[in-house]
Amino acid sequence: MTTRPLRRYFFRIFIPLLLVFALVIGLETVFMVWSMWETDRQWPLFVTEDYVDKVMARLETEDDLSASRVLDVFIDAMDERISGLLIHDQDGGVMLYGSSPSQLAGTDVSWSVARSMDMSSPVTFSKDVPVYAVNLETDGNGGSSLSMMRLDGAFGHSFLTYIMPSGIREQDVASTIFVMVDGSIAGSLDLLIVDIRSFESTRFLLDAAVMTLVWMIPVSLLVSVIASLLMSRRDTRSITRIRSALEDLSVGRYDVDIPPQKAYELEEISSMVKELGQNLKRNRIAREEWIRSIAHDLNTPITGINVMVEGLEDGVYQADGPFLSSLRKEVDTLSTRVAAVRFYANLLSPDAHADLHDENAEELVEGFLSTYHAPSRVDAQVEAGLVLHVDRQLFYRALKEVLDNALHAQKEGAVSLEVHHGRVVVRNAGRLPEGHPDLFEPWARGDQGRSEGGSGLGLPIVGQIMRLSGGGVDIAQAGDEVVVTLDFTGQCRSTS
């Protein structure tokens, strides 16, 4: 019984947790691929700008700006990210200092050694690259000055067509630097760079990122399994305790005790189960009180009838008019109480409903008082033009029960009936007992004893009618008066 819920809850936790890890790993993979692509795209520009900055910094400290010295500065500024420097002179000659990136792997090439390149089978391609110009200006006194500028196009690069010796690939060329003397082009330098994935420092970082991502998969799987197992075991123990408590409730053991739960949802359920147990316990006590009350209320007239019948049999009573009248009274009392029980039971039926219609409040109260047994003891005041959305028959029964209770409590004088703003308010002189029970529960009475008769179902019938009608009911002490309010504010309108 425990293994199956444990397995079920394990997978309910494991699968969402695994999906979360998969989403995180997927997002990290996408971010890493995008970062690698963006870094690879920006790598030539980054290397070129760094190289140009170093060249200019060194040239600014040079006193000798001869062509050979300038070339030495360009060569000395090369680092391990740059595989070679391809120099084109005015006569079409091509010299390579260093090597092409494809030839650099596994070789020890000196950057200071120049090699003449064979242009018998050139490679032609076009490429969008950063372009710089170094301009050497001379004066008639043997002095000179050097400046460098960027010759980029609208988007930070210039589109150039290259004629390269064989062995030089398109991806090897990072940028081009034109060398100018007094404004005329004397030659150009093409910067050849190592691919970012071949550069040792960046390769280490990329390999570390990839390995981290690869290791995250089994680690995530292991964490998901362990977390799911721990959480499912905890939840299974909690659910077993809750199920045991519900089983206790089902067999009448209502004082259930469930330990505090760590999960918020299970703690809420535990609290509700314990509250349910207390409600069932109260309902059991109320049901027992119901049985005792109904037995007492129905037994009282039956006892009276039995006494009269036995007295008649023993010759104590004579079957005359007064005797028959008393017997009829007891029978009527019994019938009234049985009818009240039957009516209340019908109101509690799932099929019970209110047939609601718009009724004029003045006509409604007048129609009720015309059939009420004591209209002279009711001081009625009704708001003109008020329309109530009610079931006429149920409204009459609720108003009758309230007025009967009010007149029974106030032996003399008239009780007040006010109908205004959607509320039906009945006031009578009297006092509710201290700590009185819920008077809308069956057989809960306002008097301290049970000797004054009555079914004890008047206000419970009123309460159930108001629930069926979509309204509310309240009883309260206001000074020396007891006030009962039937609230129809949600089912009324005014035509005045």
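None of the values given here were measured: they were computed from a predicted structure. (Residues numbered from 1 in each chain as written. Predicted model: local features only at pLDDT ≥ 70, side-chain atom pairs only at ≥ 80, totals over all residues. Heavy atoms only, no water.)

### Let's talk about the overall build of the protein chain
Part 1 of the reasoning: Of regular secondary structure, the protein chain possesses 9 helices and 17 strands.
Part 2 of the reasoning: Counting only residues that meet the buried cut, the protein chain has 35% of its 496 residues in that class.
Part 3 of the reasoning: The contacts of the protein chain with a sequence gap of at least 6 include a subset with a gap of at least 24, amounting to 65%. (Helix = DSSP H or I, 4+ residues; strand = E, 2+ residues; numbered from the N terminus. Buried < 20%, exposed > 50% of the residue type's maximum accessible area, 1.4 Å probe, protein only. Contact = heavy atoms within 4.5 Å.)

### Notes on the environment of Ser 145
Part 1 of the reasoning: One can find Ser 145 in strand 6 (residues 144–150).
Part 2 of the reasoning: For the pair Ser 145 and Glu 60, spaced 85 residues apart in the sequence, the C-alpha separation amounts to 9.6 Å.
Part 3 of the reasoning: Excluding residues that lie within four positions of it along the chain, Ser 145 makes contacts with Leu 65, Asn 135, Leu 136 and Glu 137.

### Examining the nonpolar core
In globular proteins that are soluble, nonpolar side chains generally tend to be buried together.
Part 1 of the reasoning: By size, the foremost hydrophobic cluster in this structure holds 45 residues, and its most contacted members are Leu 388, Phe 395 and Leu 486.
Part 2 of the reasoning: Apart from the residues within four sequence positions on either side, Leu 388 is in contact with His 357, Asp 358, Glu 359, Ala 361, Leu 364, Phe 395, Val 419, Gly 422, Phe 488, Gln 491 and Cys 492.
Part 3 of the reasoning: By size, the runner-up hydrophobic cluster in this structure holds 26 residues, among which are Ile 82, Tyr 97, Val 134 and Ile 193. (Core = buried A, V, L, I, M, F, W, Y, C linked by side-chain atoms within 4.5 Å.)

### Some words on a nonpolar patch on the surface
Part 1 of the reasoning: On the surface, a cluster of nonpolar side chains totalling about 400 Å² of accessible area is made up of Met 211, Trp 215, Val 219 and Val 223.
Part 2 of the reasoning: One can find Trp 215 in helix 4 (residues 200–250).
Part 3 of the reasoning: A relative accessible area of 54% places Trp 215 in the exposed class. (Patch = residues over 30% accessible without salt bridge, like charges linked within 9 Å, V, L, I, M, F, W, Y side chains within 5 Å. Areas by Shrake-Rupley, 256 points an atom, 1.4 Å probe, with all protein chains shown as cover. Salt bridge = Lys/Arg side-chain N within 4 Å of Asp/Glu carboxyl O.)

### Focus on the sheet that holds strand 10 (residues 357–360)
Part 1 of the reasoning: Taken in spatial order, the 3 strands line up as 10-12-17 in an open sheet, and their pairing is antiparallel. Every other strand in the sheet has two partners, leaving strand 10 and strand 17 (492–494) as the edge strands with one partner each. Between one strand axis and the next, the sheet turns by 25 degrees as a mean value, whatever way the strands run.
Part 2 of the reasoning: Judged from the 3 bridges that link them, strand 12 (residues 386–390) and strand 17 form a sheet pairing that is antiparallel. Bridge pairing in strand 17 links Val 387 to Arg 493. (Pairing = 2+ DSSP bridges. Axes fitted to C-alpha atoms, helices over the stretch in contact; angles between N-to-C directions.)

### Description of the side chain of Asp 172
Part 1 of the reasoning: Counting through the fold element by element, Asp 172 comes out in the loop between strand 7 (158–164) and strand 8 (173–181).
Part 2 of the reasoning: Once residues lying within four places of it in the same chain are set aside, the contact partners of Asp 172 are Ser 100, Pro 101, Gly 167, Leu 191, Leu 192 and Ile 193.

### Looking at the pattern of salt bridges
Part 1 of the reasoning: Inspection of every chain in the model, using the stated rule, returns 17 salt bridges.
Part 2 of the reasoning: Residue Lys 281 is joined to Asp 255 by a salt bridge in which the shortest nitrogen-to-oxygen separation is 3.3 Å. Taken together, the positions of Lys 281 in helix 5 (residues 264–313) and Asp 255 in the loop between helix 4 and helix 5 put the pair 26 residues apart, joining distant regions of the chain.
Part 3 of the reasoning: Under the relative-accessibility criterion, Asp 255 is labelled exposed at 56%.

### With respect to the sheet that holds strand 3 (residues 114–116)
Part 1 of the reasoning: The sheet built from 7 strands is open, its strands ordered 3-2-1-9-8-5-6 with mixed pairing. Two strands bound the open sheet, and with one partner strand each, they are strand 3 and strand 6. Strand-to-strand twist of the sheet, defined as the mean angle between neighbouring strand axes without regard to direction, takes the value 20 degrees.
Part 2 of the reasoning: As paired elements, strand 8 and strand 9 (residues 184–193) share 8 bridges and run antiparallel to each other. Paired with Val 179 across the strands is Gly 187, a residue of strand 9.

### Here we look at the environment of Tyr 162
Part 1 of the reasoning: By the element assignment, Tyr 162 lies in strand 7.
Part 2 of the reasoning: Residue classification places Tyr 162 among the buried positions, given a relative accessible area of 6%.
Part 3 of the reasoning: Sequence separation between Tyr 162 and Ser 126 is 36 residues, and the spatial gap between their C-alpha atoms is 5.9 Å.
Part 4 of the reasoning: In terms of polar contacts, Tyr 162 uses its side chain to reach the side chain of Thr 176, at 2.6 Å. (Polar contact = N/O pair within 3.5 Å; in protein donor to acceptor, adjacent residues only side chain to side chain.)

### Thoughts on the packing of aromatic side chains
Each aromatic ring pair is characterised by the separation of its centres together with the angle its planes make.
Part 1 of the reasoning: Applying the stated rule across the entire model yields 8 aromatic pairs.
Part 2 of the reasoning: Here the aromatic rings of Phe 395 and Tyr 396 are separated by 6.5 Å at their centres, their planes lie at 55 degrees, and the arrangement is tilted.
Part 3 of the reasoning: For Tyr 396, a relative accessible area of 14% translates into the label buried.
Part 4 of the reasoning: Through successive ring pairs, a cluster of aromatic residues spans Phe 368, Tyr 372, Phe 395, Tyr 396 and Phe 488.
Part 5 of the reasoning: Over the ring of Phe 343 we find Arg 397, and its NZ or CZ is 4.2 Å from the ring centre. (Phe/Tyr/Trp six-rings, centres within 6.5 Å; stacked < 30°, edge-to-face > 60°. Lys NZ or Arg CZ within 6 Å of the ring centre and 35° of its normal.)

### With respect to the environment of Val 365
Part 1 of the reasoning: Mapped onto the secondary structure, Val 365 falls in helix 7 (residues 361–371).
Part 2 of the reasoning: A relative accessible area of 4% means that Val 365 is categorised as buried.
Part 3 of the reasoning: Sequence separation between Val 365 and Leu 399 is 34 residues; the distance between their C-alpha atoms is 9.3 Å.
Part 4 of the reasoning: Beyond its immediate chain neighbours, meaning those up to four positions away, Val 365 contacts Ala 380, Val 382, Leu 417 and Val 419.

### A look at the side chain of Asn 135
Part 1 of the reasoning: Assignment of secondary structure puts Asn 135 in strand 5 (residues 131–138).
Part 2 of the reasoning: A polar contact of 2.6 Å, which involves the side chain of Asn 135, links it to the side chain of Glu 137.
Part 3 of the reasoning: When residues no more than four places from it in sequence are discounted, the contact partners of Asn 135 are Ser 145, Leu 146, Ser 147, Met 180, Val 181, Asp 182 and Gly 183.

### What about helix 8 (residues 392–409)?
In an α-helix, one turn spans 3.6 residues, which is why side chains three or four residues apart end up on the same side.
Part 1 of the reasoning: Under the 1.5 Å per step criterion, the end-to-end length of helix 8 is 26 Å for 18 residues, consistent within 8% with the ideal 26 Å.
Part 2 of the reasoning: Within the span of helix 8, buried status applies to Leu 394, Phe 395, Tyr 396, Ala 398, Leu 399, Glu 401, Val 402, Leu 403, Ala 406 and Leu 407.
Part 3 of the reasoning: Put simply, Asp 391 is the residue that caps the front of helix 8, since its side-chain oxygen is 3.1 Å from the backbone nitrogen of Gln 393. (Expected span 1.5 Å × (residues − 1).)

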